[in-house]
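Fold and contact review
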Amino acid sequence: MLVLMLFACDATPEWHGPFDYTPASSCQFGLDDAALAAAVETAMTTSFNDEADRTPAAHGMVFGYALPNGTMQVQAFGYQDVEDTVPMTEEAVFDLGSIQKNFRWTMLHHLAEEGELDIEADVDSIVTEMELPATFRQLSMHNAGLKHWTDTPELAVDVFADPSAVHSFEQTLGYLGDDPFVATPGRTFHYSNYGPRIAVEAIERTMGQGIEELTEERVLLPFGMENTWPQDGTHPDNLVDGWWTDDSDHTWGDDPSHDNAFASAAGGLLFSDACDLLRYAQGVFHDPDYISNETLLQMLQSPIQGSGGRVFAGFTSFAPEVMAGHFGSGQHGHSSGYMTRFTDGASIVVLTNAAPDGVPDDPATDAENDARPGDDYNTVISVMVATFDWAF
């Protein structure tokens, strides 16, 4: 019944805010509610997509929640390094993957509110090298009709031949070619890593600043995010060992060759921890000096159907009637997600070292490689399904 309610997509999203908001002064390690902690661990250690095989879906995870009243609690589960049985910690750092796109999109709406950028302007009025009759808002909803990297096999070849390569804007235009579209802009959902990269170029030209500096000034500093930084080829000591693949050799560990993969194509990748991601989620949804409640309501209107859920302006959701946020699958073998509930403004964060892709489906191979069934989002979503209506 619960899952059916989550995936019923006919209702209109209803944001119950604005809520009285007090930024969290601290991030508590450990959940006060033992029953909640047990529910989280059960959801993490139960295969989401194979009822017959109840083996763990992830070896390690950090779960947390935050409330508009300033409450923030996170708890670690399982292992940060499964081979050396190093326990997961609340301070563990993960590759946020596509959640960084969300940082760009919400920054767009913030800049628009500040009068520094027109969210309804055609992007090609700024990025004149290409004909792109799509607005910034359409880019943020992934309905600009742009190709995704999977639509351009040459990018896949180049990236996986040298995953550490940083792809320039000029290379991005080359990958898109003379016909960058798979659909008419504004007509349909089509997820694209190119959209954020083009948006970043337009933002940098409009603001006269680089995206790293803008992210620092317009996202990290306003929300007090001191443990989030761009991937620059260096690894923090508490970076979680993830699951990565190479020619079907599924291996646990932190693979340096995956630094900066898709960095430019997707607009830049970030490392972060659970507390900082909660600070971001609460700030975006509740700080009226960043995004007003009126603009937030506009962003949450008319979500379009996407694969596995719906996409709002700046957000996405597998349960668009009750929550919005974003998911990410990082090249370091991590998967993550955050959602903010419409009813009470509570935010949920799930960061895991679940396998991002290519997990063996054969049970014998699973056992041989110490792998787990399921893909990256199964663990994240299963935890959210189990906890989204919990009375925090």
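Residues numbered from 1 in each chain as written. Predicted model: local features only at pLDDT ≥ 70, side-chain atom pairs only at ≥ 80, totals over all residues. Heavy atoms only, no water.

Moving on to the overall build of the protein chain. Scanning the protein chain for helices and strands turns up twelve helices and 15 strands. Across the 392 residues in the protein chain, those meeting the buried criterion constitute 59%. Pairs at least 24 apart in sequence give 70% of the contacts found in the protein chain among residues at least 6 apart. Summing over all exposed atoms, the protein chain offers an accessible surface of approximately 15,200 Å²; the carbon and sulfur share of this is 49%. (Helix = DSSP H or I, 4+ residues; strand = E, 2+ residues; numbered from the N terminus. Buried < 20%, exposed > 50% of the residue type's maximum accessible area, 1.4 Å probe, protein only. Contact = heavy atoms within 4.5 Å. Areas by Shrake-Rupley, 256 points an atom, 1.4 Å probe, with all protein chains shown as cover.)

With that out of the way, let us pick up the sheet that holds strand β9 (residues 270–272). Across the sheet, three strands lie side by side as β5-β9-β6; this open sheet has antiparallel pairing. Only two strands of the sheet have a single neighbouring strand rather than two, namely β5 (94–95) and β6 (229–230). Sheet analysis places β6 next to β9, joined by two bridges and oriented antiparallel. When the sheet's bridge partners are listed, P230 is paired in β9 with L270. (Pairing = 2+ DSSP bridges.)

Quick look at the side chain of H110 now. Note on placement: H110 falls in helix α3 (residues 99–113). Given a relative accessible area of 7%, H110 falls into the buried group.

Okay, the packing of helix α6 (residues 169–176) against helix α7 (residues 194–207) next. Between α6 and α7, the least distance of the axes is 11 Å, while the angle of their chain directions is 140°. Regarding the angle of α6 to α7, the classification is oblique. In this structure, the crossing between α6 and α7 has a hand that is left-handed. Facing F169, T172, Y175 and L176 of α6, the residues of α7 in contact are Y194, R197, I198, E201 and R205. For the contact of α6 with α7, the per-class residue count stands at five nonpolar, one polar and three charged. (Axes fitted to C-alpha atoms, helices over the stretch in contact; angles between N-to-C directions. Parallel < 35°, antiparallel > 145°, perpendicular 65-115°, else oblique. Left-handed = near helix turned anticlockwise from the far one by under 90°. Nonpolar A, V, L, I, M, F, W, Y, C, P; charged D, E, K, R; others polar.)

Turning our eyes to something else, we now look at empty space enclosed by the protein. Under the defined criterion, the tally for this structure stands at two cavities of 30 Å³ or more. Lining the second largest cavity we find W105, Q138, L139, H142, N143, A144, G145, L146, H190, S192, G195 and P196. Here the residues of the lining of the second largest cavity sort into five nonpolar, seven polar and no charged. (1 Å grid on protein atoms, 1.4 Å probe; cavity = no way out; pocket = protein on both sides within 12 Å on 5 of 7 lines; lining within 4 Å. Points joined across faces, edges and corners; volume = space filled by probe spheres on them.)

All right, on to the pairing of strand β14 (residues 334–341) then. For a regular strand, side chains alternate in direction, first toward one face of the sheet and then toward the other. Taken across its eight residues, β14 has eight buried, putting it largely inside the fold. The alternating pattern of β14 places H334, S336, Y338 and T340 on one face and S335, G337, M339 and R341 on the opposite face, and all of these are buried. Sheet analysis places β14 next to strand β15 (residues 347–352), joined by six bridges and oriented antiparallel. Each bridged residue has a counterpart across the sheet, and for G337 the counterpart in β15 is V350. The antiparallel hairpin formed by β14 and β15 contains five residues in its connecting segment, where G345 sits at a positive phi of about 75°.

Glancing now at the pattern of salt bridges. Within this structure, the stated rule accounts for seven salt bridges. The closest approach of N and O atoms between E129 and R205, which form a salt bridge, is 2.6 Å. Pair noted here: E129 is in the loop between α3 and α4 (136–140) and R205 is in helix α7, with a separation of 76 residues, a long-range link. With relative accessibility at 45%, the residue E129 sits in the partly exposed group. Residue class for R205 comes out partly exposed when judged on its relative accessible area of 33%. Connected via shared salt-bridge partners are E129, R197, E201 and R205. (Salt bridge = Lys/Arg side-chain N within 4 Å of Asp/Glu carboxyl O.)

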